[in-house]
Amino acid sequence: MRIIKKIVLLFLAVTYVLACTSCGKKCEIQPSMDSHKWYGEVENSRCVYESETQIYYISQNGINRFDNRAGKSEEIVRNDELETFILHENQLYYSTKDSIIISDINGKEIKRIKLPEEYFDVNCPVNRFAVDKNFLYVFNTGKSVVRINAENGNTEMLAEDVASGCPYNGAFFYIDCTEQLLHKTSTDGAITEIADSFDGVFTYENRLFITSKFPVAFYEYKDGKTEKITDFNNAIYAEFYQGNECWFVLNYADKNSKLVNLNGFVMKMPDDYNSVTGFSVAGGYVFYNNGEYKILESSFNGE
């Protein structure tokens, strides 16, 4: 397992966030005083997921689960080759150097899907994939997406030159690296070009969203059309994280960054935020990689 040790944790007090967004005032948010500092065990800033009462994350030896009610964490998957994981419909999907493993919510293995050598290099572990119904959409190192039927193991090359992509309603939507076109790939392999000048695509609450950059704007795709939801005229590009809420980090030309969501929350990210390594939000914390080999707990000002 590739261990990412460079993670910074920032506390987001949920009640304080609501106060900030409702009154519009500048608020200082202080670190948590949790008796069990589970966040100090997080080894991958991209993979922290929150359910109603529990938080799942990659630790040094596998996947841990923190229970908010009991105030303690437990190891549910031990695998030192584990690269990344997804929490999807009460199942865990996690990748190793040559397989994607499906387990129940407690870590009991259900199925192991071998990654075909035709499409994947065991020396380059899979660190990005998506799940939709019975299909796995796996990104390989060549910016290609391979679709695997989890029931029978059938595998096919679905799309190439993919910058951003996600499954939605039985199809796969993606932005290509070269022309920044939004494409739709159906289950029969047919590819349709939909729109251009876009940067990212993602789903949230069974809706399909796309983003543009220079400047940043968010759109919803529905009924074959794109509709602008909001824009951020001064931001040059955005990253997104899909958890209990949809969070974005907006990046600006002056190297400042802000954390926002679709409910109007805005918070300035610390100056050492590194957009290359990604982020996640769970349990009242922001997880990101700041380029240092230590874990920090910080307070910050929301705007």
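Residues numbered from 1 in each chain as written. Predicted model: local features only at pLDDT ≥ 70, side-chain atom pairs only at ≥ 80, totals over all residues. Heavy atoms only, no water.

> Could you clarify how one ought to interpret the overall build of the protein chain in this entry?
Of regular secondary structure, the protein chain possesses 1 helix and 30 strands. By the burial criterion, 48% of the 303 residues in the protein chain qualify as buried. A total of about 15,000 Å² of accessible surface is found on the protein chain, and carbon and sulfur atoms cover 43% of it. (Helix = DSSP H or I, 4+ residues; strand = E, 2+ residues; numbered from the N terminus. Buried < 20%, exposed > 50% of the residue type's maximum accessible area, 1.4 Å probe, protein only. Areas by Shrake-Rupley, 256 points an atom, 1.4 Å probe, with all protein chains shown as cover.)

> Is there a simple way to think about the packing of aromatic side chains in this case?
Tallied over the entire structure, the rule returns 17 aromatic pairs. One aromatic cluster is present, built from ring pairs that chain together W38, Y57, F66, Y285 and F287. Over the ring of F139 we find R128, and its NZ or CZ is 3.8 Å from the ring centre. Between R147 and the ring centre of F135, over which it is positioned, the NZ or CZ distance is 5.5 Å. (Phe/Tyr/Trp six-rings, centres within 6.5 Å; stacked < 30°, edge-to-face > 60°. Lys NZ or Arg CZ within 6 Å of the ring centre and 35° of its normal.)

> When you look at the pattern of salt bridges in this model, what are you seeing that I'm missing?
Think of it this way: side chains of opposite charge can pair up when their charged atoms draw near. Enumeration over the complete set of coordinates arrives at 12 salt bridges. A salt bridge links E81 to K97, with the nearest nitrogen and oxygen atoms 3.8 Å apart. Taken together, the positions of E81 in the loop between β6 (72–78) and β7 (84–88) and K97 in the loop between β8 (91–95) and β9 (99–104) put the pair 16 residues apart, joining distant regions of the chain. E81 gets classed as partly exposed once you look at its relative accessible area, which sits at 33%. (Salt bridge = Lys/Arg side-chain N within 4 Å of Asp/Glu carboxyl O.)

> Hey, could you run me through the nonpolar core in this one?
Across soluble globular proteins, nonpolar side chains show a tendency to be buried alongside one another. By size, the foremost hydrophobic cluster in this structure holds 39 residues, and its most contacted members are F85, F129, L136, V138, L259, M269 and F279. In contact with V138, other than residues within four places in its own chain, are I100, F120, V126, R128, F129, S144, V145, V146 and I148. Core analysis: the next-biggest nonpolar cluster, separate from the first, contains 14 residues, F173, I175, L182 and V201 among them. (Core = buried A, V, L, I, M, F, W, Y, C linked by side-chain atoms within 4.5 Å. Contact = heavy atoms within 4.5 Å.)

> I'm lost on the environment of I63 in this one. Help?
Mapped onto the fold, I63 is located in strand β5 (residues 62–67). Among the residues examined, I63 registers a relative accessible area of 0% and is labelled buried. The sequence separation of I63 and V48 amounts to 15 residues, and the corresponding C-alpha distance is 9.9 Å. The residues contacting I63, other than those within four sequence positions of it, are Y57, E74, E75, I76, V77, L82, F85 and Y94.

> Just checking my understanding: could you explain the sheet that holds strand β3 (residues 48–50) for this structure?
Either a parallel or an antiparallel arrangement is found when strands of a sheet pair, and the pairing is made through backbone hydrogen bonds. With respect to topology, 4 strands assemble into an open sheet ordered β3-β4-β5-β6, the strand pairing being antiparallel. Single-partner strands in this sheet number two, and they are β3 and β6. Ignoring strand direction, the axes of neighbouring strands in this sheet form an average angle of 20°. Bridging between β5 and β6 involves 6 bridges; their strand directions are antiparallel. Residue pairing for β6: R65 is matched across the bridge by E74. (Pairing = 2+ DSSP bridges. Axes fitted to C-alpha atoms, helices over the stretch in contact; angles between N-to-C directions.)

> I tried to follow the sheet that holds strand β12 (residues 135–139) on my own but got confused; where do I start?
Across the sheet, which stays open at both edges, the 4 strands sit in the order β11-β12-β13-β14 with antiparallel pairing between neighbours. Looking at which strands have only one partner, the edges of the open sheet turn out to be β11 (129–132) and β14 (155–159). Going from strand to strand, the sheet's axes swing by 25° on average, the running direction of each strand aside. Where β11 meets β12, 4 bridges bridge the pair, whose relative direction is antiparallel. Paired with D132 across the bridge in β12 is F135.

> Looking at this model, I keep getting lost on the pairing of strand β15 (residues 162–168). Mind explaining?
Counting buried positions over the 7 residues of β15 gives 6, a clear majority of the element. Sheet topology places β15 next to strand β16 (residues 171–176); 6 bridges connect them, and they run antiparallel. Looking across to β16, one finds that V162 is bridged to D176. Counting the residues between successive antiparallel strands, the hairpin from β15 to β16 contains 2 residues, one of them, N169, with a positive phi of roughly 50°.

> Explain the environment of N206 to me, please; I cannot follow it from the model alone.
Within the element layout of this structure, N206 appears in the loop between β19 (200–204) and β20 (207–212). Remark: the alpha-carbon pair of N206 and Y168, spanning 38 residues in sequence, is separated by 7.8 Å. In contact with N206, not counting residues within four places along its chain, are Y168 and N169.

> It is not clear to me how unusual backbone geometry should be interpreted in this structure. Could you clarify?
Among all residues save glycine, negative phi is the norm, and among peptide bonds the norm is trans. Of note, the bond from F214 into P215 is cis; its omega dihedral lies within 30 degrees of zero at 5°. Mapped onto the elements of the fold, P215 is located in the loop between β20 and β21 (216–222). You will see that D161, though not glycine, has its phi angle at about 60°, which is positive. Even without glycine at this site, N206 takes up a positive phi of about 60°. N206 gets classed as exposed once you look at its relative accessible area, which sits at 58%.

Structural measurements only, silent on function.
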